[in-house]
Amino acid sequence: MSSTDLPACINAKLKRYFKQLDGEQASGVHKMVINDVESVVIKFVLDFVNNNQSEASRILSINRGTLKKKIQRYKL
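Attention in this report is confined to the structure presented alongside it. (Residues numbered from 1 in each chain as written. Predicted model: local features only at pLDDT ≥ 70, side-chain atom pairs only at ≥ 80, totals over all residues. Heavy atoms only, no water.)

## Notes on the packing of helix α3 (residues 53-60) against helix α4 (residues 64-74)
α4 packs onto α3 with a crossing angle of 100° between their chain directions and a minimal axis gap of 9 Å. It follows that α3 is roughly perpendicular to α4 by the angle criterion. For the pair formed by α3 and α4, the contact residues are Q53, S54, A56, S57 and L60 on the first element and R64, L67, K68 and I71 on the second. A class-by-class count of the residues in the contact of α3 with α4 yields 4 nonpolar, 3 polar and 2 charged. (Axes fitted to C-alpha atoms, helices over the stretch in contact; angles between N-to-C directions. Helix = DSSP H or I, 4+ residues; strand = E, 2+ residues; numbered from the N terminus. Parallel < 35°, antiparallel > 145°, perpendicular 65-115°, else oblique. Contact = heavy atoms within 4.5 Å. Nonpolar A, V, L, I, M, F, W, Y, C, P; charged D, E, K, R; others polar.)

## Some details on helix α2 (residues 29-48)
For α2, spanning 20 residues, the distance from its first C-alpha to its last is 29 Å, which sits close to the expected 28 Å at 1.5 Å a residue. Restricting attention to buried positions, one finds in α2 the residues V29, S39, I42, V45 and L46. Residues of α2 that are buried sit in contact with α1 (5-21), α3 and α4. At the exit of α2 stands N50, carrying a positive phi of roughly 50°. (Expected span 1.5 Å × (residues − 1). Buried < 20%, exposed > 50% of the residue type's maximum accessible area, 1.4 Å probe, protein only.)

Laid out in structure tokens, this is it:
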């Protein structure tokens, strides 16, 4: 798997999203992408460390309090 797989996947999804808009004006794209990607990454890491939030926060390089807020926000 190459390091370009994730960017290529995101580009493909964005192309599909804009095509589906069919001329409608887009808004909130940055927030939409960040929320979708962030929740997947956090869920993956939590599963990887068997829900050990201290270890997950270390791997993600975010503070445990921030991780807890994101877990609540994304209902993970």
